[in-house]
Amino acid sequence: MSRKTKIAQSFDKISRTYEDVRPTYPDVVIKKILSFSKIPKNGKIVEVGCGPGIATIPFAKKGYNISAIDPGKNLLSIAKEKTRKFSNVSYILSSFEDAKLPINTFDLLISGTAFHWVNQKTGYKKAGELLKKGGTIALFWLANNYKRTDFIPGLSAVFKKYSKNKKIKQKPYEKEFKRIARSGLFGKVHRFIYNQRIKYSKEDYIKLVSTFGWINVHPKKPEFLKDLSNLLGKRKYILVPYSTILFIARRK
């Protein structure tokens, strides 16, 4: 099993913690996707890597028909529970690559902090096949950059202590912008960035960091979390700087 696959599969094992501490996406991101895509009221959406339904719910509330895909059984169980009142949402337990879906059907493909796990060679090709002509692909990531030390002095050093000499992608979305364009299936790719600060208690911030993929599978995860706790000291709350990065384009 590759390291990438191991990390991708690890989220299902911490599904409840993931659900409890991972932040939601800003309303402005949802509004931008909807306004750009011009999806009709009865439009169809396919969601790649829905996890516990964090990005699913705001679109479900708008009444769109959503086919949400995720390979995590536990994560899907949480998503189903959260959206049980929405008859317009259906779930598929599968990787995106293996999911059986009708081509040329969807008005919008969305993926929140997940598309970097999709096979690079086939992911965009499949996305293009599923979308209608003129349909929209919207990929977005919530990014907490540990290298920013303005909100917790010394945080960068703790992360580097455990990530040194390891090929860890702190910004997995960076290459996706070019990959969308290189696929040749979509028109101009637009980039939008939305900044915010989210307040966490000390305990919840430690839980949040524990859900970061590479940390979740790190052999010294307990030691890392202890060092992080010691660094935070007697802080009760932490304001965490987040950026939501949105890449959006229309299928040719």
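In case you missed it, the structure is sitting above this.
Here the structure is a predicted model, which means the values were calculated and not measured. (Residues numbered from 1 in each chain as written. Predicted model: local features only at pLDDT ≥ 70, side-chain atom pairs only at ≥ 80, totals over all residues. Heavy atoms only, no water.)

## Brief notes about the side chain of Ser15
Note the threshold: Helical segments are the DSSP runs of H or I of at least four residues, strand segments are the runs of E of at least two, and each set is numbered from the N terminus. By the convention used here, residues are in contact when the closest approach between their heavy atoms is within 4.5 Å.
Along the chain, the position of Ser15 falls in helix α2 (residues 15-21). Ignoring any residue separated from it by four or fewer positions in sequence, one finds Ser15 in contact with Asn74, Leu75 and Ile78.

## Thoughts on the pairing of strand β7 (residues 237-250)
Test applied: Under the scheme applied here, a residue whose accessible area is under 20% of the maximum for its type counts as buried, over 50% as exposed, and between as partly exposed, the area being computed with a 1.4 Å probe on protein chains only. Two strands pair under a simple rule: DSSP has to find at least two bridges between them.
When you tally the buried positions in β7, you get 11 out of 14 residues, the bulk of the element. Here strand β5 (residues 131-143) runs beside β7; their pairing, made up of 8 bridges, is antiparallel. Bridge pairing in β7 links Phe140 to Leu246. Pairing between strand β6 (residues 190-201) and β7: 12 bridges, direction antiparallel. In the strand pairing of β7, His190 is matched with Ile248.

## Digging into the packing of aromatic side chains
The condition is simple: Only the six-membered ring of Trp is used, alongside the rings of Phe and Tyr, when aromatic pairs are assigned; centres must lie within 6.5 Å, and planes under 30 degrees apart are stacked while those over 60 apart are edge-to-face, with the rest tilted. In our convention, an over-ring charge means Lys NZ or Arg CZ found within 6 Å of a ring centre and within 35 degrees of that ring's normal.
Throughout the structure, instances matching the rule amount to 12 aromatic pairs. Where Phe177 meets Phe247, the ring centres are 5.3 Å apart and the plane angle is 70°; that geometry is what we call edge-to-face. Here Phe177, found in helix α8 (residues 176-182), pairs with Phe247, found in strand β7; they are 70 residues apart in sequence, far enough to count as distant. A network of ring pairs unites the aromatic residues Phe159, Tyr162, Trp214 and Phe224 as a single cluster. Of note, Arg191 hangs over the ring of Phe177, and the distance from its end group to the ring centre comes to 4.3 Å. Seen from the ring of Phe36, Arg250 lies directly overhead, with NZ or CZ sitting 4.1 Å from the centre.

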